[in-house]
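Letter by letter, the chains look like this.
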Amino acid sequence: MVQFEDKFMARVLIDGGSSLNICPLTTLKRLGKGLHKIRAGSMNVKVFGGSQRATIGETNFSLHMGPTWFDVEFQVLDIFATYNLLLGQPWIHAAGAVASTLHQAMKFEWNHQEVIIHGACQRN
């Protein structure tokens, strides 16, 4: 679970294969952030399935994970996604994090200590 301002977000995907941090437009709206928070800057990205999409722009969030906050730049895309945010290689490298999809966990060093964050399983 990730905290943004006073809201908590589940379904945050950490994907070491993604070269971008992605925020779907629906997440941005759900967080109460309008389109005026998006900085201009369009690039074409290859989305799941191999098709190409243009980004709407970019935005920054300060996200609370574990004991610390991370300032993360996201590319905003108008896509249907099963995740609320996708943290890709830019965030993983900046945080010095090691992600394990097998263990549904990630770890990073903070204040000279190892921090391990486990993913939450959602059951219907």
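Fair warning: this is a prediction, and the values are worked out from it, not measured in the lab.

Caption draft 1: Region of the structure containing the environment of Phe 8. Structurally, the position occupied by Phe 8 is in strand S2 (residues 7-9). The exposure class assigned to Phe 8 is exposed, which follows from its relative accessible area of 57%. Measuring from C-alpha to C-alpha, the distance between Phe 8 and Leu 85 comes to 12 Å, with 77 residues separating the pair along the chain. When sequence neighbours within four positions are dropped, the list of residues in contact with Phe 8 reads Met 1, Val 2 and Gln 3.

Caption draft 2: View of the environment of Arg 39. Relative to the assigned elements, Arg 39 resides in the loop between helix H1 (25-30) and strand S5 (44-46). If near-sequence neighbours (up to four positions away) are discounted, Arg 39 is found in contact with Gly 57, Glu 58, Thr 59, Asn 60 and Glu 73. A distance of 3.2 Å separates polar atoms of two side chains, one belonging to Arg 39 and the other to Glu 73.

Caption draft 3: Layout of the side chain of Gln 3. In this structure, Gln 3 sits in strand S1 (residues 2-4). Residue Gln 3 is classed as buried on the basis of its relative accessible area of 17%. A distance of 2.8 Å separates a polar side-chain atom of Gln 3 from the backbone oxygen of Glu 5. For Gln 3, the residues in contact, after removing those within four places along its chain, are Phe 8, Ser 62, Leu 63, His 64 and Trp 69.

Reading the values: the criteria
Residues numbered from 1 in each chain as written. Predicted model: local features only at pLDDT ≥ 70, side-chain atom pairs only at ≥ 80, totals over all residues. Heavy atoms only, no water. Helix = DSSP H or I, 4+ residues; strand = E, 2+ residues; numbered from the N terminus. Buried < 20%, exposed > 50% of the residue type's maximum accessible area, 1.4 Å probe, protein only. Contact = heavy atoms within 4.5 Å. Polar contact = N/O pair within 3.5 Å; in protein donor to acceptor, adjacent residues only side chain to side chain.

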